[in-house]
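Survey of secondary and tertiary structure
Here is what each chain is made of, one letter per residue.
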Amino acid sequence: NLAQTVQSFLARIRPISAQGAQTLVHPYFYVQERALYCTSRDVLVQNPEHVLTAFQLMSIWRVALSPTLHDWIVDQVHRLQPQIVQMPQNRSLLHAVLTRAGYTYPVLRAMLELGVLGKVIPVFADLRFQVQFEHYHRYTTDIHSLQTLRYWDEVMQDTAHPLHAYLSPADYIIVPLSLLLHDIGKAIDVHDHANLAIGLATPIFEQFGLTAEQRERCILLIRQHLSLVSFCRQQDIYDRQAVLQFTQQTGGADAVRQLLLITYCDTKATRIDLWTDTRAQQFLHVIRTAQEIQQFPTAEERQAQITKLLPGDEDLLHYLKSLPERYVSTYSPEEIVNHYRWAKDPTVRWEWVAATPSTIKVGLIYPAAEHALTTASAIFAMHRCNIITMRMHQPRGYSAFAQFAIQFDPEEYTAETLRQKLTDVLPQAWAQPEEFHAKVATRISRSFWVLRSSRDTPSNIAMQVTDTAVMTSISGRDRIGLLFQLLRVFYTHRTPVLFANAQTEFGMIHDTFH
């Protein structure tokens with residue numbers, strides 16, 4: 001038993017940090033200068049199972065294989081027969097590697113490159129060098145599967161990582177094992193790989209000694225590993241009922257939380273630029289909504305949670321009734337209370353929410369005015385800011401508000417200087433909106449950053465018409481000033497926008513106006 005062997009030698013272990021010092025970590029292995037060595041080549045020749053021992057020690061001590069040990073393993077890996085891999089003391093190898101957070105990827109990558117992983121999980125031998133013929137994946141199937149564990153290591157190790165707060169002790173075997181096996185079905189068929197992976201993974205679950213509950217969760221996560229992305233693309237993530245249905249289909253809020261972790265690692269391993277702030281906010285909104293639905297399943301309970309933050313304020317309940325239910329499910333109770341405070345003040349102003357070196361989140365508070373969104377987007381266009389997201393609400397009897405996430409050039413502005421410029425120009429723009437719109441439109445038409453071909457025209461426009469309203473959905477290639485130009489069309493034709501939701505992802509706009 002390797003654990004007992006290591007324990008018996010603890011008294012003989014010296015700190016690895018000493019330059020050149022040898023630390024005996026096993027009767028046949030020692031560590032020197034952050035590399036694992038074997039005492040003799042004959043150790044592996046006489047007992048090939050020590051090839052697996054080397055990788056387990058590599059995981060325990062978080063070291064690399066020395067060049068000599070690397071070459072010796074290459075010579076002996078062909079002798080790793082199934083009966084050796086299935087020995088009780090060796091079956092736990094992958095379990096130990098996957099549950100040691102922070103060094104999973106280097107160990108499995110070494111096992112893959114030396115042919116050992118294909119001996120332990122035979123299906124990986126069939127995935128070796130399998131090219132994925134589509135536009136997204138940059139790596140072969142085997143490397144992609146291991147790359148997911150590289151980002152899993154990052155989430156586990158970095159306590160400041162945004163997703164670290166979403167970890168649970170139950171994830172330490174379920175999530176990395178699901179990531180390792182999520183694409184093994186591609187060895188049979190690419191198109192139905194998620195379902196095919198379940199059949200291939202069943203004997204591997206036995207090898208890991210998973211409980212029935214852990215197996216069910218791994219099967220669910222493997223089968224559903226694309227579902228969170230599909231839901232955010234195809235459904236309205238701000239529809240509380242849609243999120244409830246998705247949560248029930250995926251096994252509850254805890255399963256959705258684990259899907260978030262898998263989606264992050266899978267997306268980053270597919271192509272690092274696929275994970276964007278916009279996409280992250282969409283996923284996190286779904287997770288928060290799923291958790292809130294579990295805690296407060298009805299709209300009445302949700303409203304009660306909000307009113308507790310301002311006890312005795314009867315006007316707050318009237319404010320909530322003036323807005324659609326989806327608004328209550330879209331924002332956190334703290335955000336709603338802030339919006340309520342903003343809405344009671346009729347002063348036109350910016351409310352600064354957050355800032356990074358290249359983005360700002362800002363709210364515009366204003367009494368009902370048809371030109372408001374057009375004027376705000378004109379101000380951003382004037383300062384060459386790209387609007388990433390925009391949401392606008394106009395509660396009856398209160399000041400309206402719009403919340404923007406904008407991106408700016410850090411070489412041209414800092415967050416503070418841009419904040420000051422936006423503050424300075426707002427009074428003038430608000431006082432004479434039509435003159436300001438014309439001035440910005442002229443500037444845009446003469447600016448080099450919008451002088452492009454006709455492919456910049458919105459490529460898809462869809463409308464749904466009722467007796468009193470029109471819902472317009474627009475998608476196409478983004479550019480600075482495009483949202484202003486779209487909103488100006490509504491304003492010119494005196495068509496007030498009562499609700500708006502605008503998003504930009506990968507240079508494409510997806511805007512909805514009511």
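Residues numbered from 1 in each chain as written. Predicted model: local features only at pLDDT ≥ 70, side-chain atom pairs only at ≥ 80, totals over all residues. Heavy atoms only, no water.

**Here's the deal with the side chain of His437**
Threshold: Secondary structure elements follow DSSP: runs of H or I of four or more residues count as helices, runs of E of two or more count as strands, with numbering from the N terminus. Contacts: residue pairs with any heavy atoms within 4.5 Å of one another.
Tracing the sequence through the fold places His437 in helix 25 (residues 433–445). Not counting residues up to four positions away in its chain, the partners in contact with His437 are His371, Thr374, Thr375, Ala378, Phe484, Arg488 and Tyr491.

**Describing the pattern of salt bridges**
Selection rule: The term salt bridge refers to a pairing of a side-chain nitrogen on Lys or Arg with a carboxyl oxygen on Asp or Glu at a separation within 4 Å. The buried label applies to any residue whose accessible area, calculated with a 1.4 Å probe on protein chains only, is under 20% of its type's maximum; exposed applies above 50%, and partly exposed to all values in between.
Applying the stated criterion across every chain yields a total of 10 salt bridges. Two residues, Arg109 and Glu113, come together in a salt bridge whose shortest N-O distance is 3.0 Å. Note that Arg109 and Glu113 are positioned in helix 8 (residues 104–113) at a spacing of four residues, about one turn of the helix. Judged by its relative accessible area of 48%, Glu113 falls in the partly exposed class. A salt bridge links Asp315 to Lys344, with the nearest nitrogen and oxygen atoms 4.0 Å apart. Highlighted residues: Asp315 in helix 20 (residues 314–321) and Lys344 in the loop between helix 22 (333–343) and strand 5 (349–355), separated in sequence by 29 residues.

**A word on helix 18 (residues 277–295)**
To be explicit about the condition: In a helix, the anticipated span is given by 1.5 Å times the number of residues less one. In the analysis that follows, any N or O atom pair within 3.5 Å is treated as a polar contact, provided that within protein one partner can donate a hydrogen and the other can accept it, and provided that, for residues neighboring in sequence, both atoms belong to side chains.
With 19 residues, helix 18 extends 27 Å from end C-alpha to end C-alpha; this agrees with the ideal 27 Å at 1.5 Å per step. Between the side-chain oxygen at the start of helix 18 and the backbone nitrogen of Arg279 there is a gap of 3.2 Å, and the oxygen is on Thr276.

**A look at the pairing of strand 5**
The condition that has to hold: Any two strands are treated as partners once DSSP identifies two or more bridges connecting them.
Sheet analysis places strand 5 next to strand 6 (residues 359–366), joined by six bridges and oriented antiparallel. Considered in strand 6, the bridge of Ala355 is made with Ile360. Hairpin connection between strand 5 and strand 6: a loop of three residues separates the two successive antiparallel strands.

**As for unusual backbone geometry**
The phi dihedral of Glu33 falls on the positive side, at around 50°, and the residue is not glycine. As for its position among the elements, Glu33 is in the loop between strand 2 (29–32) and strand 3 (35–38). For Arg62, which is not glycine, the phi dihedral falls at a positive 55°. Tracing the backbone shows Arg62 in the loop between helix 3 (50–61) and strand 4 (64–65).

**Here's the deal with the confidence of the model for the protein**
Using the following cut-off: Note on scores: pLDDT gives the predictor's confidence for each residue, bounded by 0 and 100.
Averaged over all residues, the pLDDT of the protein equals 83, while 90% of them reach at least 70. Low pLDDT (under 50) marks residues 448–455, which in the prediction has 11 contacts with non-local residues, meaning those over four places away or in another chain.

**Examining empty space enclosed by the protein**
We count it as follows: Note on definitions: the grid is 1 Å and covers protein atoms alone; a cavity is a set of points where a 1.4 Å probe fits but cannot get out; a pocket is an open set with protein on both sides within 12 Å along at least five of seven lines; lining residues have an atom within 4 Å of a point. Grid points are joined across faces, edges and corners, and a volume is the space filled by probe spheres set on the points. Gly falls in the polar group here, along with every residue not listed as nonpolar (Ala, Val, Leu, Ile, Met, Phe, Trp, Tyr, Cys, Pro) or charged (Asp, Glu, Lys, Arg).
Per the counting criterion, the structure on display carries three cavities of 30 Å³ or more. When its volume is computed, the largest cavity comes out at roughly 130 Å³. What lines the largest cavity is a set of 17 residues, among which Asn386, Ile387, Asp478, Leu482 and Leu483 lie closest to the centre. Within the residue set of the lining of the largest cavity, elements represented by two or more residues are helix 23 (372–382), strand 7 (386–393), helix 26 (482–492), strand 11 (500–505) and strand 12 (508–513). A class-by-class count of the residues in the lining of the largest cavity yields 10 nonpolar, four polar and three charged.

**Quick look at the side chain of His161**
Inspection of the secondary structure puts His161 in the loop between helix 11 (141–157) and helix 12 (171–181). In terms of polar contacts, His161 uses its side chain to reach the side chain of Tyr264, at 3.0 Å. In this view, His161 contacts Glu154, Val155 and Tyr264; residues no more than four positions away in its chain are not counted.

**What to know about the environment of Leu94**
By the secondary structure assignment, Leu94 is in helix 7 (residues 93–99). Spatially, the C-alpha atom of Leu94 lies 15 Å from that of Trp61, the residues being 33 residues apart in sequence. Excluding anything up to four places from it in sequence, Leu94 contacts Leu108, Met111, Leu117, Val120, Ile121 and Phe208.

**Some remarks on the environment of Leu179**
Position of Leu179 among the secondary structure elements: in helix 12. C-alpha of Leu179 to C-alpha of Asp71: the two residues are 108 residues apart in sequence and 29 Å apart in space. Filtering out sequence-adjacent residues up to four positions away, Leu179 remains in contact with Ser145, Thr148, Leu149, Trp152, Ile262 and Cys265.

**Focus: the nonpolar core**
Proteins that are soluble and globular tend to have nonpolar side chains buried together. The test is simple: We call a set of buried residues a nonpolar core when its members are Ala, Val, Leu, Ile, Met, Phe, Trp, Tyr or Cys and they connect through side-chain atoms within 4.5 Å of each other.
Membership of the largest hydrophobic core comes to 98 residues, with the highest contact counts inside it found for Phe55 and Val116. Top element by residues in this core is helix 17 (residues 253–270). It accounts for 10 residues. Here Val116 is in contact with Val51, Leu52, Phe55, Ile73, Val77, Leu80 and Met111, once residues within four sequence places are set aside.

**Considerations on the sheet that holds strand 2**
Our working definition: Between N-to-C directions, angles span 0 to 180 degrees; the directions come from axes that are lines fitted to C-alpha atoms, helices contributing only their stretch in contact.
Across the sheet, which stays open at both edges, the four strands sit in the order 1-2-3-4 with mixed pairing between neighbours. In this open sheet, the two strands that pair with only one neighbour each are strand 1 (22–26) and strand 4. For strand 3 and strand 4, the ladder comprises two bridges, and the chain directions are parallel. Each residue of the ladder has a partner; that of Ala35, found in strand 4, is Ala64. Against the sheet, helix 4 (residues 67–76) touches strand 2, strand 3 and strand 4, its axis set at about 55° to strand 3.

**Topic: the packing of helix 11 against helix 17**
Packed helix pairs are characterised by how far apart their axes lie and by the angle those axes make with each other. To keep it simple, the criterion reads: In what follows, roughly perpendicular refers to angles from 65 to 115 degrees, roughly parallel to angles under 35, roughly antiparallel to angles over 145, and oblique to any angle outside these ranges. We call a crossing left-handed when the near helix sits turned anticlockwise from the far one by less than a right angle, and right-handed when that turn is clockwise.
With their axes 8 Å apart at the nearest point, helix 11 and helix 17 run at an angle of 125° to one another. Taken together, helix 11 and helix 17 sit at an angle that is classed as oblique. Along this stretch, helix 11 crosses helix 17, giving a crossing that reads as right-handed. Residues His144, Gln147, Thr148, Tyr151, Trp152, Glu154 and Val155 of helix 11 lie in contact with helix 17, whose contacting residues are Leu261, Tyr264, Cys265, Asp266, Lys268, Ala269 and Thr270. Of the residues assigned to the contact of helix 11 with helix 17, the class counts are seven nonpolar, four polar and three charged.

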